[in-house]
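Coordinate inspection notes
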Amino acid sequence: MRDVFEIRAQDAGGRVGDLHVPRADVTVETPALLPVVNPNVITVDPARFDEFGAEILITNSYIIKRDDDLAARAREEGLHDLLGFDGAIMTDSGSFQLSEYGEIDTDTEEILRFQRDIGSDIGTPVDIPTPPDVDRARAEDELRTTQERLELAETVDVGDMLVNAPVQGSTYPDLREEAGAHAYATDLDVFPVGAAVPMMNDYRYDDVARAVAGAKRGLGADAPVHLFGAGHPMMFALAVALGCDLFDSAAYALYARDDRYLTVHGTEQLADLHHFPCSCPICTEHTPEEVRRMPDAAREELLAEHNLHVSFTELRRVKQAVRDGDLLELVEARAHAHPRTLDGYRAFLDHAGQYEASDPASKDAFFYASAESARRPEVLRHRERLARLSPEGHVLLTEGPRHDGYDECWRVTPPFGPYPRALSEVYPLTAETPANMDREGYEAAAKGVARLAGEHSDAAFTLAHESWPADALDYVPPRVETLDLGEDLLTGPDGEA
């Protein structure tokens, strides 16, 4: 077990935890956002990051190393004094530059020692960030190189600096899983899912979800997971539900430079805004028109501050949702704000069985908000656990009132399907569902009926439903008698009403 990470609360794949960073002598609450700081281009002074809620930042050791003056200052003063930041500092190794320019003039041993010498708290080896959609042979070859470098990183004397073990594999989920298992088997400390930036830049959140889910299958439950380059608040809830604990991005500054304004629903152009849809200090003290009239540097700084405010506010909202047990309600709300985040959420639901294992069995409430709710881990768990129950004789599964003409009378409720009445007040069967259920909810319930009938062949079943659609009823096996309560008179097996 890794002693640098402790999980305090969990919902779906999301965790609220503590990342202990010994060299900085700080404990960072996760999920955490690491603002990227380019020491040559400071948009918001890192000394002010605590105003927004930042406990940790990330900077690029390769950029510092290549600048003789910066490197000398970093060695003499240390990173914390150089940047004026008292929290934890993570450093990247130059792998991003490698992906952009094809080569860098350093290697894993050299860059890790440099990171140690300048006072980094979490260092990074030189991995190979394989881009999406390359052929499999290249992905496998570059993954082998990354794995060799992780093994080399284990041999470098880094003192009490934590070390990242990047998980690569391009857009091949099985390679991500293999990479996660290999990285977890090292004695390295933090596990970034790498090379996701090109996918996020193209809003390919479904591919990001598949990459993270693959990596998570290989990693242990106690592994802190960093989604490299994820900094847009519109996808924080989804990324946390997938099991990511750390995020970093320069988006707050880069977007501000282009007059782009971050929101939890997407990105707005400053030129298009008549009102600021935000209550952060920047947005309550200024109008869009006032900000547009500012000199470039002042406008850029204010927009960057807003972008940090909205990002950290969303992260706090996500943490509270994890603690309250309604993270997936937040994910669903965010997903339906943009087609691409909806793609990402649906990809997460494709792995509901994987995430069911870490999802708490009991929470306060389940809100059915859309067709996607029918595929949530809680619905799958209920369906799978029907095998544990023991129906006997002829069992009525009904949306209506109890009928004494049967040996047992169970309730049936979309999207969960059948359950004994004694479980009616047990989560998630206390769910809030719409009066006008969608087709997917009925189909999920019918699959539950089929599961129950398939697991208990010695019992007979009658399903009394309230006008379920025909395509949902197609999932009900022929041996289950069906009655429409809106059209048929419900009688017992002996024909009595």
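Preceding this paragraph is the structure being described.
Note that the structure is a prediction, hence the values are computed from the model and not measured. (Residues numbered from 1 in each chain as written. Predicted model: local features only at pLDDT ≥ 70, side-chain atom pairs only at ≥ 80, totals over all residues. Heavy atoms only, no water.)

Looking only at helices and strands, the protein features 20 helices and 18 strands. Viewed in the frame of its principal axes, the protein has a C-alpha envelope of about 95 × 55 × 40 Å. Evaluated residue by residue, the protein yields a buried proportion of 58% over its 497 residues. Here the analysis covers contacts within the protein between residues at least 6 apart in sequence; of these, 66% occur between residues at least 24 apart. In the form shown here, the protein has an accessible surface area of approximately 20,300 Å², with 45% of it arising from carbon and sulfur atoms. Side chains of the protein give 46 positive and 93 negative charges; the mean places of these two sets differ by 1 Å. (Helix = DSSP H or I, 4+ residues; strand = E, 2+ residues; numbered from the N terminus. Buried < 20%, exposed > 50% of the residue type's maximum accessible area, 1.4 Å probe, protein only. Contact = heavy atoms within 4.5 Å. Areas by Shrake-Rupley, 256 points an atom, 1.4 Å probe, with all protein chains shown as cover. Lys, Arg positive; Asp, Glu negative; His and termini not counted. Charge placed at Lys NZ, Arg CZ, Asp CG, Glu CD.)

One open sheet accounts for 3 strands, arranged β1-β2-β3; its pairing is antiparallel. Single-partner strands in this sheet number two, and they are β1 (5-11) and β3 (26-30). On average, each strand axis in the sheet is tilted by 15 degrees relative to the strand beside it, whichever way the strands run. Bridge count for β1 against strand β2 (residues 14-21) is 6 bridges, and the pairing is antiparallel. Within β2, the residue paired with F5 across the bridge is L19. (Pairing = 2+ DSSP bridges. Axes fitted to C-alpha atoms, helices over the stretch in contact; angles between N-to-C directions.)

Another aspect to go through is empty space enclosed by the protein. To find the voids left in a structure, one rolls a probe of water-molecule size over its atoms. Counting across every chain of the model gives 2 cavities of 30 Å³ or more. There is about 50 Å³ of room inside the largest cavity. Lining the largest cavity, in full, are L33, P35, G231, S249, A251, Y252, L262, L308 and S311. For the lining of the largest cavity, the secondary-structure elements that each account for two or more residues are β4 (32-37), α11 (251-257) and α14 (296-324). In the lining of the largest cavity, the residues fall into 6 nonpolar, 3 polar and no charged. Of the volumes computed, that of the second largest cavity is approximately 40 Å³. Around the second largest cavity sit M234, A237, L238, V331, R334, A335, T341 and Y345, which together line it. When contributions to the lining of the second largest cavity are tallied by element, the ones reaching two or more residues are α10 (236-242), α15 (327-335) and α16 (339-349). (1 Å grid on protein atoms, 1.4 Å probe; cavity = no way out; pocket = protein on both sides within 12 Å on 5 of 7 lines; lining within 4 Å. Points joined across faces, edges and corners; volume = space filled by probe spheres on them. Nonpolar A, V, L, I, M, F, W, Y, C, P; charged D, E, K, R; others polar.)

On the surface, E148, E151, E154 and D187 cluster together into a negatively charged patch. Tracing the backbone through its elements, the reader meets D187 in the loop between α7 (173-185) and β9 (191-193). Residue classification places D187 among the exposed positions, given a relative accessible area of 52%. (Patch = residues over 30% accessible without salt bridge, like charges linked within 9 Å, V, L, I, M, F, W, Y side chains within 5 Å. Salt bridge = Lys/Arg side-chain N within 4 Å of Asp/Glu carboxyl O.)

So, about α15. Taken across its 9 residues, α15 has 8 buried, putting it largely inside the fold. Among all positions of α15, only L327, L328, E329, L330, V331, E332, R334 and A335 are buried.

Moving on: the sheet that holds strand β18 (residues 481-484). Strands belonging to one sheet form pairs held by backbone hydrogen bonds; the direction of such a pair is parallel or antiparallel. Strand order across the open sheet formed by 5 strands is β16-β15-β14-β17-β18, with mixed pairing between neighbours. Taken across any chain shown, the strands that pair with only one partner, and hence form the sheet edges, are β16 (417-419) and β18. Adjacent strand axes in the sheet meet at a mean angle of 25 degrees, parallel and antiparallel pairs treated alike. As paired elements, strand β17 (residues 460-465) and β18 share 4 bridges and run parallel to each other. Bridging from a neighbouring strand, L463 pairs with T482 of β18.

Note that every value here comes from positions in space, so none of it alone points to a role or purpose.
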